[in-house]
Every structure is written in structure tokens, then in C-alpha cells.
Amino acid sequence: MGINQQQYVFAIDGGGSGCRVAIHNTQGDPLARVDGGPANVFSDPNSAIQNVLDAVQITARQAQLGPQALANSIAHIGLAGVIDQAIRDMVATKMPFARVSVSDDRKTSVVGAFGPYDGILAAIGTGAFVASQTDTAIRYFGGWGYQLSDQASGSWLGRQALKRTILAFDGVTAHSPLTRGMLQKFGGTPVGMVHFANTASPADLAALAPQVVAAAKDGDTHGIALMKGGVDYLMSCINAASLGPDTALCLSGGLGPHYAPYLPPTIQRRVQAARGTALDGAHTLARLHLTASGVN
């Protein structure tokens, strides 16, 4: 299909806390951008797909694009939970675009953060992963979901805070303002925490993370220990990446930058701002898809 005035480039990024859709024309000019609902396609595929489709439609309306424009357009979609080809194919078949490529949100995040340059990305929000990029490859650490992975994430911090609160309630460790506050939040006994944890989504657990961050800043012993525990995991990934001592480190996501004060000084000096977001990475990959199809 040749390019015409009704063809556009869609960039879509989604994770446990929400999705984002941006539309550009084929010259790269931004036309519209919308935030939508959670879009982890592994933990809740039906809701994730529907939230993406809803956001696409709202963004299209903002840009005054009709169904035919969508049907002619190109998109790249990067979603949390795209762990295999079957999920990629499932996402692609649900979308209204002429040509669509699908990846997990790790790839879009790395491409957005570094473009063509080397670096290490610690993307930490509701979920978390670390990735290293060189001119030859991207290597990933973590990002396999909160049940088995996502150390240092918001959901991990929330769960760990609840565990420490129960230990303090049982007298195994001393209370701190953080654990007392958690206990009070759930009715003064672990019963409320058990009911909450039994059905809590990653986003529900991550909603507790700001209390941990704030407590650590105030010198709370449990808060500091949890932030340092997250840093221990990040450092194990950074060391495993085996890149040069001056390689840039980006801390992204709602939680990532909060870990910076707890990193070793030699690593803190390497921290740099990301060049762009995961949504920017999705746009870059969509443009590559456009170029590969013979369109400039």
C-alpha cells in the first residue's frame, strides 16, 4: 500500500499503571496523544487490549481521523507482558492498523532511553526490569511479572512493606513509623493485610510504594532497608551486564529516580536522564517499520 494523506504513524506504550497512544503524520509531526487504562497483556489480556483500543479511538478522534485512516496506518505497540510470539500475534490481530509490529515494553523503553547509544536502563514503576544496550544487542534482566520477578518495583516494595509489618506485629523485628502506619492502614492487625494481599493486583501493591519512599527519606529503618534491598538487586543486574565503568545509567519510571540516593557513589556519577520515553521508543520502532515497508 502506498502512502497517502490518510496514513499515519501510531506509537503505543502500555504497562500495569496505564497505556499511552501518540499519533504522528508520516513526516514525524505529532498530532495527538492520550493516556489510557492499564495494559499488561499477560496478567489481564482482555482488559489490556480493550484499554489500548479505547485509547486508540480517543486519540484518533482528537486527531480527527476516521476508521479508514486507522486501517491505512502503521503502528508499533510495546506492552508489558508480551513474552512470546503467541501473545504478539494475538495483540496484532486485535488492532485496526494496516501494518503493526508488537514487542514488550522493555524494548520500547530501551530504544526511547538511548536511541543508538550504549547504556543501562533501570525502568521501575509498577513492574520493573533492567536492560543493557550495546551496538550489537539488548540484554534484559527481570521483567517477568510480580509473581516471580520485578524486584525493586512498586509492587515488590509494597509487598515487602507488608511482610515487614507482619514481622513487626509478631515481634520478630522492631516496629518503625512505616510498619505502624501500614498496620493502622489495614485495621490494626494483619487480617486486613491478608485479605488485601489475597486479591491485590500489581497496581494495588504499588500504590503502597510511595509510603516506603517517603519513610526512607525520613530516615525510617524499614524504609531505608527496603530501598537498599531494591538497590542490591539493581546492582546485581548492573554488574551482570559487564559494560564499561563509564556506561550511562538511566533510572526511569515513577519509582526509578528515587533509588538514586541509595546507589554507590561511583554508580551515582553515571546516572543520566533518558533521551526519551518508551512512547518515543515505540514511535522510533514504528518509523523503522515504515521505512522497512519502503515508505520514507
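For the structure, see preceding data.
Student: How should the side chain of Gln7 be read in this particular structure?
Tutor: Mapped onto the elements, Gln7 comes out in the segment before β1 (9-15). A distance of 2.4 Å separates a polar side-chain atom of Gln7 from the backbone oxygen of Asn72.

Student: How should the environment of Ile83 be read in this particular structure?
Tutor: Of note, Ile83 is situated in the loop between β4 (74-79) and α3 (85-94). Counting along the chain gives 50 residues from Ile83 to Arg33, while the straight-line C-alpha distance between them is 26 Å. Apart from the residues lying within four places of it in its own chain, the contact partners of Ile83 are Phe42 and Trp144.

Student: I keep staring at the sheet that holds β4 and nothing clicks. Help me out?
Tutor: Two strands in a sheet stick together by hydrogen bonds in their backbones, pointing the same way (parallel) or opposite ways (antiparallel). Pairing within the open sheet is mixed, and its 5 strands lie in the order β3-β2-β1-β4-β5. One side of each edge strand has no neighbouring strand; the edge strands of this open sheet are β3 (30-36) and β5 (99-104). Pairwise comparison of adjacent strand axes, ignoring direction, gives a mean angle of 10 degrees for this sheet. Sheet topology note: the β1/β4 ladder contains 6 bridges and is parallel.

Student: Would you mind going over the pattern of salt bridges with me for this structure?
Tutor: Pairing of side chains with opposite charge becomes possible as their charged atoms draw close. What the rule picks out here adds up to 3 salt bridges. The partner of Asp13 in a salt bridge is Arg20, with the nearest N and O atoms 2.8 Å apart. Across the pair Arg33 and Asp35 runs a salt bridge, and its minimum N-O distance is 2.6 Å.

Student: How should the sheet that holds strand β7 (residues 128-133) be read in this particular structure?
Tutor: If you walk across this open sheet you meet the 4 strands as β8-β7-β6-β9, and the pairing is mixed. Looking at strand neighbours, the two that pair on one side only are β8 (138-142) and β9 (249-252), the edges of this open sheet. Between one strand axis and the next, the sheet turns through 15 degrees on average, direction left out of account. Alignment of β7 against β8, held across 5 bridges, turns out to be antiparallel. Among the inter-strand pairings, Ala131 is bridged to a residue of β8, identified as Tyr140. The sheet contacts of helix α4 (residues 105-114) involve β6 (119-124), β7, β8 and β9, and relative to β7 the element is tilted by about 50 degrees. Seen against the sheet, helix α10 (residues 221-241) touches β6, β7, β8 and β9 and runs at an angle of roughly 155 degrees to β8.

Student: Please explain a nonpolar patch on the surface as it appears in this structure.
Tutor: On the surface, a nonpolar cluster with roughly 350 Å² of combined accessible area is contributed by Phe42, Ile83 and Trp144. Along the chain, the position of Trp144 falls in the loop between β8 and α5 (154-169). Since its relative accessible area comes to 54%, Trp144 is described here as exposed.

Student: Where do I start with the side chain of His222 in this structure?
Tutor: Mapped onto the elements of the fold, His222 is located in helix α10. At 2.8 Å, the side chain of His222 and the side chain of Arg164 are in polar contact. Look past the residues within four positions of His222 in its chain and what remains in contact with it is Arg164, Thr173, Ala174, His175, Ser176, Leu178 and Thr179.

Rules used throughout
- Residues numbered from 1 in each chain as written.
- Predicted model: local features only at pLDDT ≥ 70, side-chain atom pairs only at ≥ 80, totals over all residues.
- Heavy atoms only, no water.
- Helix = DSSP H or I, 4+ residues; strand = E, 2+ residues; numbered from the N terminus.
- Polar contact = N/O pair within 3.5 Å; in protein donor to acceptor, adjacent residues only side chain to side chain.
- Contact = heavy atoms within 4.5 Å.
- Pairing = 2+ DSSP bridges.
- Axes fitted to C-alpha atoms, helices over the stretch in contact; angles between N-to-C directions.
- Salt bridge = Lys/Arg side-chain N within 4 Å of Asp/Glu carboxyl O.
- Patch = residues over 30% accessible without salt bridge, like charges linked within 9 Å, V, L, I, M, F, W, Y side chains within 5 Å.
- Areas by Shrake-Rupley, 256 points an atom, 1.4 Å probe, with all protein chains shown as cover.
- Buried < 20%, exposed > 50% of the residue type's maximum accessible area, 1.4 Å probe, protein only.

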